[in-house]
Amino acid sequence: LDQHDNIGIDLVAMSVNDILVQGAEPLFFLDYFACGKLQVDTATKVIRGIARGCELAGCALIGGETAEMPGMYPTDEYDLAGFAVGVVEKERIISGATIQEGDIVLGLASSGAHSNGYSLIRKIIDHCSADLSMDFDGKTLADTIMTPTHIYVKSLLALIKQLPVKGLAHITGGGMTGNVPRILPDAVTATLHKDAWPVPPLFQWLQRQGNVSDEEMARVFNCGIGMVVVIAPEHVGNALNILRNAGETAWEIGEIGNRLPGQAATLLV
């Protein structure tokens with residue numbers, strides 16, 4: 001796979017992971033590819049990546065549109081969009097409404113930056129004049145940065161079918177402090193422990209090279225956690241076993257408590 005394949009996978013991943021948090025199973029995906037002049041090799045790689053993403057998500061690629069618009073796009077650049085449709089029975093929608101004090105927060109490992117924070121990544125690379133071809137943790141820096149977003153569909157659907165999952169949060173722009181609060185009832189807060197999972201080398205390097213504060217890192221990047229699961233304490237052991245048997249790397253990273261007046265919905269301690 002090259003960067004164009006990876007972009008195609010990312011497009012699918014961000015869509016299916018977003019609908020997954022409602023407990024929905026992705027059914028199909030459509031894409032839109034726009035350019036000034038069609039470069040067949042590039043477009044083929046992008047669509048190949050989209051097809052691979054759909055395979056990983058268990059959904060069908062049922063169509064799309066390719067638009068050539070001379071004068072609208074610079075040479076060798078393209079615009080890419082897409083959407084997924086999924087289904088869940090109304091009574092099985094995961095809304096977070098049943099989350100309560102004592103519930104446990106699990107974190108599933110991310111595969112990289114997950115399509116978020118790239119404006120800051122580009123700024124850091126420019127600032128430190130990083131060589132994208134340099135070795136970085138066994139790959140080139142470019143390949144590390146362009147690692148496609150992990151697709152959690154099959155493993156989390158397996159979990160949902162076996163255990164009562166109370167809440168799911170896809171950790172995208174805004175990090176955990178910006179995304180976990182979306183699934184929490186007003187009366188509770190999530191306390192997440194930073195030492196509960198290892199921060200991947202990419203995020204350590206970005207923070208060091210860019211002199212980025214802990215607060216900014218937590219707001220911009222996923223910092224190693226791509227999906228959050230809230231579940232009752234009696235199901236934690238089974239949940240971790242199911243996720244790990246499905247190929248996920250998962251940790252217990254926090255707990256739910258009562259929210260005090262003026263307290264933030266999510267605390268990273």
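Before any of the text, the structure's been laid out above.
Since the model is a prediction, treat every value here as computed from it, not as a measurement.

Rules and cut-offs
Residues numbered from 1 in each chain as written. Predicted model: local features only at pLDDT ≥ 70, side-chain atom pairs only at ≥ 80, totals over all residues. Heavy atoms only, no water. Helix = DSSP H or I, 4+ residues; strand = E, 2+ residues; numbered from the N terminus. Rg over C-alpha atoms; globule rule 2.2 N^0.38 Å. Buried < 20%, exposed > 50% of the residue type's maximum accessible area, 1.4 Å probe, protein only. Contact = heavy atoms within 4.5 Å. Areas by Shrake-Rupley, 256 points an atom, 1.4 Å probe, with all protein chains shown as cover. Lys, Arg positive; Asp, Glu negative; His and termini not counted. Charge placed at Lys NZ, Arg CZ, Asp CG, Glu CD. Expected span 1.5 Å × (residues − 1). Pairing = 2+ DSSP bridges. Axes fitted to C-alpha atoms, helices over the stretch in contact; angles between N-to-C directions. Parallel < 35°, antiparallel > 145°, perpendicular 65-115°, else oblique.

S.K.: A description of the overall build of the chain should follow, citing residues and the corresponding values.
M.R.: When you go through the chain residue by residue, the secondary structure sums to nine helices and eleven strands. For 269 residues, the compact-globule formula gives about 18 Å, and the C-alpha radius of gyration of the chain, at 19 Å, lands near that figure. Overall size of the chain, expressed as C-alpha extent along the three principal axes, is 55 × 45 × 35 Å. Out of the 269 residues in the chain, the part that is buried amounts to 48%. Taking all contacts inside the chain whose residues are at least 6 apart in sequence as the whole, residues at least 24 apart take part in 86%. Accessible area of the chain: about 12,900 Å², with a carbon and sulfur share of 51%. A gap of 2 Å separates the mean positions of the 18 positive and 31 negative side-chain charges of the chain.

S.K.: Kindly report on helix H1 (residues 3–20), identifying the contributing residues and their values.
M.R.: The first and last C-alpha atoms of H1 sit 25 Å apart over 18 residues, in line with the 26 Å expected at 1.5 Å per residue. In terms of burial, H1 is a largely internal element, 14 of the 18 residues being buried.

S.K.: Please set out the sheet that holds strand E3 (residues 78–87) residue by residue, giving values where relevant.
M.R.: Spatially, the three strands line up as an open sheet ordered E2-E1-E3, and their pairing is mixed. Edge positions in the sheet fall to strand E2 (60–68) and E3, since each has one partner strand and no second. Recorded for the sheet is a direction-independent mean angle of 15° between the axes of neighbouring strands. Across ten bridges, strand E1 (residues 25–35) lies against E3 in antiparallel orientation. Note on E3: the bridge partner recorded for Phe33 is Leu80. Contacting E1 and E3, H1 runs over the sheet at an angle of about 35° to E3.

S.K.: Please give an account of the packing of H1 against helix H5 (residues 153–162) that cites residues and values.
M.R.: Closest axis-to-axis distance for the H1/H5 pair is 10 Å, and the angle between their directions is 10°. Considering their axes alone, H1 and H5 lie roughly parallel with respect to each other. Along its contact with H1, which presents Val16, Asn17 and Leu20, the element H5 presents Val153, Leu156 and Leu157.

The values are spatial; any link to function lies outside them.
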